[in-house]
Amino acid sequence: MWQVVGQSRAVSLLQRSLERGSLAHAYLFAGPPHVGKMTLALNLAQALNCEAAEPPCGECASCQKIASAKHADVQIVGLTSNGDSAEAKLRTEIGIDQIRQIQHAASLPPFEGKYKVFIIDGAEQLSIEAANCLLKTLEEPVAGVIFILLTTNERLLPATVVSRCQRLELSPLAAGEVEAALNSGWGIEPQKAKLVARLCHGCLGWAVSAAVDDGRLQQRAERMDRLFDIINGDYEERFTYVAQLVAQFSQSRGLVYDILDSWLDFWRDLLLVKVGCSDAITNVDLEARLVEMARGYSLAQIKAFIRSIQAAGEQLRQNANPRLVLEVLMLSIPEGRGVAKYG
Ligand SMILES: [Zn+2]
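With respect to the environment of Gln-244
Along the chain, the position of Gln-244 falls in helix α12 (residues 235–251). The spatial distance from the C-alpha of Gln-244 to the C-alpha of Arg-323 is 9.9 Å, given a sequence separation of 79 residues.

Quick word on the side chain of Thr-282
Structurally, Thr-282 is set in the loop between α13 (253–274) and α14 (287–294). Assessed through its relative accessible area of 10%, Thr-282 is described here as buried. Dropping the residues within four chain positions of it, Thr-282 is found in contact with Leu-195, Arg-198, Leu-199, His-201, Asp-265 and Asp-269.

Side note on the coordination of the zinc ion
Coordination of the zinc ion by the protein is provided by Cys-50 (SG), Cys-57 (SG), Cys-60 (SG) and Cys-63 (SG), with metal-donor distances spanning 2.2 to 2.4 Å. Considering all four donor atoms around the zinc ion, angles at the metal cover 104 to 117 degrees and the coordination shape is tetrahedral. Each donor residue of the zinc ion lies on the same chain, and together they follow the pattern C-x6-C-x2-C-x2-C. As far as burial versus exposure is concerned, Cys-60 and Cys-63 are alike and both buried.

A look at unusual backbone geometry
A cis amide bond, omega -10 degrees, links Pro-55 with the succeeding residue Pro-56. In this fold, Pro-56 is placed in the loop between α2 (37–49) and α3 (61–67). Positive phi values are uncommon outside glycine, yet Gln-7 reaches one of about 55 degrees. Overall, Gln-7 belongs to the buried group, its relative accessible area being 9%. For His-34, which is not glycine, the phi torsion reads 65 degrees and is therefore positive. Here His-34 lies in the loop between β1 (26–30) and α2.

Things to note about the pattern of salt bridges
All told, the structure shown has seven salt bridges when counted by the stated rule. Linking Arg-164 and Glu-139 is a salt bridge whose minimum nitrogen-to-oxygen distance equals 4.0 Å. With Arg-164 in the loop between α7 (159–163) and β5 (166–169) and Glu-139 in helix α6 (residues 128–139), the pair connects residues that are 25 residues apart, well separated along the chain. The exposure class assigned to Arg-164 is partly exposed, which follows from its relative accessible area of 43%. Assessed through its relative accessible area of 38%, Glu-139 is described here as partly exposed. Linking Arg-167 and Glu-154 is a salt bridge whose minimum nitrogen-to-oxygen distance equals 2.7 Å. Highlighted residues: Arg-167 in strand β5 and Glu-154 in the loop between β4 (145–151) and α7, separated in sequence by 13 residues. Through salt bridges with shared partners, one network takes in Glu-154, Arg-167 and Glu-169.

Quick word on the packing of helix α5 (residues 96–107) against α6
Close contact between α5 and α6 brings their axes to 8 Å; oriented N to C, the two are set at 20 degrees. Regarding the angle of α5 to α6, the classification is roughly parallel. As α5 runs across α6, the sense of the crossing is right-handed. On the side of α5, the interface is formed by Ile-96, Ile-99, Arg-100 and Gln-103, while α6 contributes Glu-129, Ala-130, Cys-133, Leu-134 and Thr-137. Its residues placed into classes, the contact of α5 with α6 shows five nonpolar, two polar and two charged.

Quick notes on the nonpolar core
Ranked by size, the top nonpolar core spans 55 residues in total, and within it Leu-182, Trp-263, Phe-266, Trp-267 and Leu-270 carry the most contacts. The leading source of residues in this core is α13, at ten residues. Excluding its chain neighbours within four sequence positions, the residues that come into contact with Phe-266 are Met-224, Leu-227, Phe-228, Ile-231, Asn-283, Leu-290 and Met-293. Ranked by size, the runner-up nonpolar core spans 27 residues in total, among them Trp-2, Leu-14, Ala-47 and Ile-66.

Concerning the sheet that holds β1
If you trace the five strands from one edge of the open sheet to the other, you get β2-β3-β4-β1-β5, paired in parallel fashion. Since the sheet does not close on itself, it has two edges, and those belong to β2 (74–77) and β5, each with one partner. Between one strand axis and the next, the sheet turns by 20 degrees as a mean value, whatever way the strands run. Two elements, β2 and strand β3 (residues 116–121), share four bridges in a ladder whose sense is parallel. Note that in β3 the partner of Val-77 across the bridge is Ile-120. Contacts from helix α1 (residues 8–20) reach β1 and β5 within the one sheet, and its direction differs from that of β5 by about 145 degrees. Lying over the sheet, α6 contacts β1, β3 and β4, oriented at roughly 140 degrees with respect to β4.

Structural notes on α2
The end-to-end C-alpha separation of α2 is 19 Å, in line with the 18 Å expected for 13 residues at 1.5 Å each. Among the 13 residues in α2, eleven count as buried, and that is most of the element. The complete set of buried residues in α2 reads Lys-37, Leu-40, Ala-41, Leu-42, Asn-43, Leu-44, Ala-45, Gln-46, Ala-47, Leu-48 and Asn-49. Along its buried surface, α2 packs onto α1, β1, α3, β2, β3 and β4.

Cut-offs and rules
- Residues numbered from 1 in each chain as written.
- Predicted model: local features only at pLDDT ≥ 70, side-chain atom pairs only at ≥ 80, totals over all residues.
- Heavy atoms only, no water.
- Helix = DSSP H or I, 4+ residues; strand = E, 2+ residues; numbered from the N terminus.
- Buried < 20%, exposed > 50% of the residue type's maximum accessible area, 1.4 Å probe, protein only.
- Contact = heavy atoms within 4.5 Å.
- Donors = N, O, S within 2.8 Å, 3.2 Å for Na, K, Ca; no water.
- Tetrahedral: all angles 85-135°; square planar, octahedral: opposite > 155°, others 65-115°.
- Salt bridge = Lys/Arg side-chain N within 4 Å of Asp/Glu carboxyl O.
- Axes fitted to C-alpha atoms, helices over the stretch in contact; angles between N-to-C directions.
- Parallel < 35°, antiparallel > 145°, perpendicular 65-115°, else oblique.
- Left-handed = near helix turned anticlockwise from the far one by under 90°.
- Nonpolar A, V, L, I, M, F, W, Y, C, P; charged D, E, K, R; others polar.
- Core = buried A, V, L, I, M, F, W, Y, C linked by side-chain atoms within 4.5 Å.
- Pairing = 2+ DSSP bridges.
- Expected span 1.5 Å × (residues − 1).

Structure, rendered in structure tokens:
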């Protein structure tokens, strides 16, 4: 049983290659974060080393060891895979020492399984030296050794490395697929499953962690409260918020990008409500508010502000001055007619 949800194209391709004995020596699984790349890589490692008649069974000793990262022939390399040592914590890229170490391991015969599998998580973080070193290994494939590179952004990988791998793209799942999986596989209550399935934008891993750990939903609720405050607030409140975002941006850019994504989701929802497509909104729990707020804006106002949010995100990614970009964004929030004050 392949455990990865959705991704039937990738799974059937791998299944066929397994049955025909025509596996590649190296794979590249590309797709957004939490879409199932690691689950699929571990499933493939299980399928290669499974002891049952129909691999991967998920139940034999080999499959279980791989699932709990205790199999001697399946190794995961990444920024965080080298333990909690001070040196490992300081890493900002996957270094050549890590690749040399797996090259050495790859030269030894399998210890307990049939195949040695090396999973490189976040392959776009390979240093240039490490990527060149890995390239040499990929150019001289060894029987019984398979490399699986996982990446969220293959454009950051040298083309020479990409060209040595069989590329499989993992696409975001439809909200309905995620919702069904949360209901059946994790027993999540329907209302929560529906909300999380929308918020995750097709990335099941995010959905599962948000469904089982209320911290993420709590954080999102606080973020939406703040969004309402800012929309209804005066310029002083909005500029205070900019100062907070700028401070956060210097600590963690990703966090500010996440906040902008939430803003984008919200304003897209307003657009969807405005044009009569409420069924497709992301923030399903805020539908009543969205319907009421949508009345206060024209379609042109909503569209223009969506473009402003997108532009702000692009400018931040191009290293524009964050204070300037965010202040301009705050000044572009449209003035709603009779928008109810909340809070
Ligand atoms: Zn098995």
